[in-house]
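Here's the letter readout for the chains.
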Amino acid sequence: MPEIHVVRKDNRHLYEPYFDPYFRWRHEIYVKQRKWMALDRPDGREIDQFDTEDAVYLFCIDNGQLIGAMRALPTLLPTLMSDIFPYLNIRGPIRRSDVYELSRIFVIPERRGEHAGPRVEMLLLTAIMEYGISVGLTGFTIVLESWWLPRFERCGWKAHPLGLPQTIDGMSVLAVLVDCDDTTWKSLCGQIGLTRPILTWRGLAGLNRLALPDISLPPPAFAQPAQ
Ligand code: COA
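My aim in this report is to walk through the structure given alongside it, one point at a time. It should be emphasised that the depicted structure is a prediction, and the values quoted were computed from it without experimental measurement.

This part takes up the site of the ligand. Every one of the 15 residues lining the ligand counts as a neighbour, but Arg34, Ile105, Val107, Gly113 and Arg151 are closest to it. Within the contact set of the ligand, an oxygen atom lies 3.2 Å away from a side-chain nitrogen or oxygen of Arg119. At a separation of 2.3 Å, an oxygen atom of the ligand approaches a polar side-chain atom of Arg151. Here the ligand, which alone exposes 870 Å², has 62% of that area covered by the protein. Looking at the shell around the ligand, the elements that each hand over two or more residues are helix H1 (16-33), strand S4 (99-107) and helix H4 (148-155). Per element, the largest residue contribution to the shell around the ligand is 4 residues, and it comes from S4. For the shell around the ligand, the per-class residue count stands at 8 nonpolar, 1 polar and 6 charged.

Written out as structure tokens, the structure is:
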């Protein structure tokens, strides 16, 4: 099973070798493949103004290779929603210490759509809930393409629209607030067969967080006593 590592300013030095491939993958995926040309940079690394020391990254690592990632930004600081797409949120920007903004979720092409184990994307969606609960978050804002909504619905992420979808560069895009709660996390764990928290908190012993317990999943149907 791949590992999901929490990378923050306090332990970033331990993950420096992963940052160059990480930013290169972002360029490959978002600029070259998805053609989000506004993100293009001549050095072949997709890095934006939100990749500051306050950004938190989840790195999915398998056999020493980065195979997927996600970024979380404090909404008390500038975010994509507050600075680039404010018109998507009709109620005005959300700036709360218990809400982070998610962006740049990706899985490298050769590890997408896997069926032999939990999909890497599902691991990331589960892991970010675990992260949020562990550090006391109650929600995530996201600027996303509307094709995510049925995917969230299927996996149990509760996404509340903050405005109407708008067409941006040919894509239908909207802003949502997703609940970060224990029930969603446990449901995701159940869907992918996780019985314990998955996150690796290397070098983060000083971080104030809740240590989540193992999860008891209901026994498989065949093990239940006959009625
Ligand atoms: N537009 C519409 N649907 C898309 C899509 C896009 N740009 N990217 C993926 N999907 C849909 C696929 O059509 C597929 O649907 P299907 O199962 O009904 O055929 C489904 O999502 C699965 O996608 P797939 O890429 O096979 O694998 P995955 O579930 O393992 O990974 C992502 C999903 C989004 C993580 C992966 O496609 C990815 O890394 N994409 C590039 C990065 C990206 O665009 N991130 C979102 C914006 S930050």
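For the rest of this paragraph, the subject is the side chain of Arg8. Its place among the elements puts Arg8 in the loop between strand S1 (3-7) and H1. Note on Arg8: relative accessible area 17%, which makes it buried. Within the local environment of Arg8, its side chain forms a polar contact with the side chain of Tyr131, the two groups lying 2.7 Å apart. Apart from the residues within four sequence positions on either side, Arg8 is in contact with Ala55, Val56, Tyr131, Leu204 and Leu207.

With 16 residues, helix H3 (residues 120-135) ought to run about 22 Å at 1.5 Å a step, and its terminal C-alpha atoms sit 22 Å apart, in line with that. Where burial is concerned, most of H3 is hidden: 15 out of the 16 residues are buried. Positive backbone phi, at 85 degrees, marks Gly136, one or two positions downstream of H3.

Our next topic: helix H5 (residues 182-192). Residues of H5 that are buried include every one of Thr184, Trp185, Leu188, Cys189 and Ile192, and no others. The buried residues of H5 occupy an angular sector of 135 degrees when projected down its axis, which confines them to one face. Turning to H5, the residues buried within the fold contact H3 and H4. Just downstream of H5 lies Gly193, where phi reads positive at about 75 degrees.

Glancing now at the nonpolar core. Counting residues in each nonpolar core, the largest one holds 79 residues, and the members touching the most others are Phe59 and Trp157. If one sorts the elements of this core by residue count, H3 sits on top with 10 residues. If we ignore the near neighbours within four places in the chain, the residues touching Trp157 are Leu102, Leu125, Ile128, Met129, Ile142, Phe152, Val178, Thr184 and Leu188.

With respect to the helices and strands, Ile67 occurs in strand S3 (residues 65-74). Ile67 sits in the buried class, given a relative accessible area of 0%. A C-alpha to C-alpha distance of 8.5 Å links Ile67 and Phe106, two positions 39 residues apart in sequence. In contact with Ile67, other than residues within four places in its own chain, are Pro2, Cys60, Asp62, Val107, Ile108, Arg111 and Val120.

In the structure shown here, the tally under the stated rule is 18 aromatic pairs. Ring geometry for Phe85 and Tyr87: centres 6.4 Å apart, planes at 70 degrees, overall edge-to-face. By relative accessible area, Tyr87 is classed as partly exposed at 45%. On the numbers, 5.7 Å between centres and 20 degrees between planes, the contact of Tyr131 with Trp201 is stacked. Here the residue Tyr131 occupies a position in helix H3, and Trp201 occupies one in the segment after strand S9 (199-200), the gap between them amounting to 70 residues. An identical accessibility class is assigned to Tyr131 and Trp201; each is buried. Joined through ring pairs, the aromatic side chains of Phe19, Tyr22, Phe23, Tyr30, Trp36, Tyr57, Phe59 and Phe106 make up one cluster. Sitting over the ring of Trp148, Arg151 keeps its end group 5.2 Å from the ring centre.

Procedures and definitions
- Residues numbered from 1 in each chain as written.
- Predicted model: local features only at pLDDT ≥ 70, side-chain atom pairs only at ≥ 80, totals over all residues.
- Heavy atoms only, no water.
- Near = heavy atom within 4 Å.
- Polar contact = N/O pair within 3.5 Å; in protein donor to acceptor, adjacent residues only side chain to side chain.
- Areas by Shrake-Rupley, 256 points an atom, 1.4 Å probe, with all protein chains shown as cover.
- Helix = DSSP H or I, 4+ residues; strand = E, 2+ residues; numbered from the N terminus.
- Nonpolar A, V, L, I, M, F, W, Y, C, P; charged D, E, K, R; others polar.
- Buried < 20%, exposed > 50% of the residue type's maximum accessible area, 1.4 Å probe, protein only.
- Contact = heavy atoms within 4.5 Å.
- Expected span 1.5 Å × (residues − 1).
- Arc of directions from axis to C-beta.
- Core = buried A, V, L, I, M, F, W, Y, C linked by side-chain atoms within 4.5 Å.
- Phe/Tyr/Trp six-rings, centres within 6.5 Å; stacked < 30°, edge-to-face > 60°.
- Lys NZ or Arg CZ within 6 Å of the ring centre and 35° of its normal.

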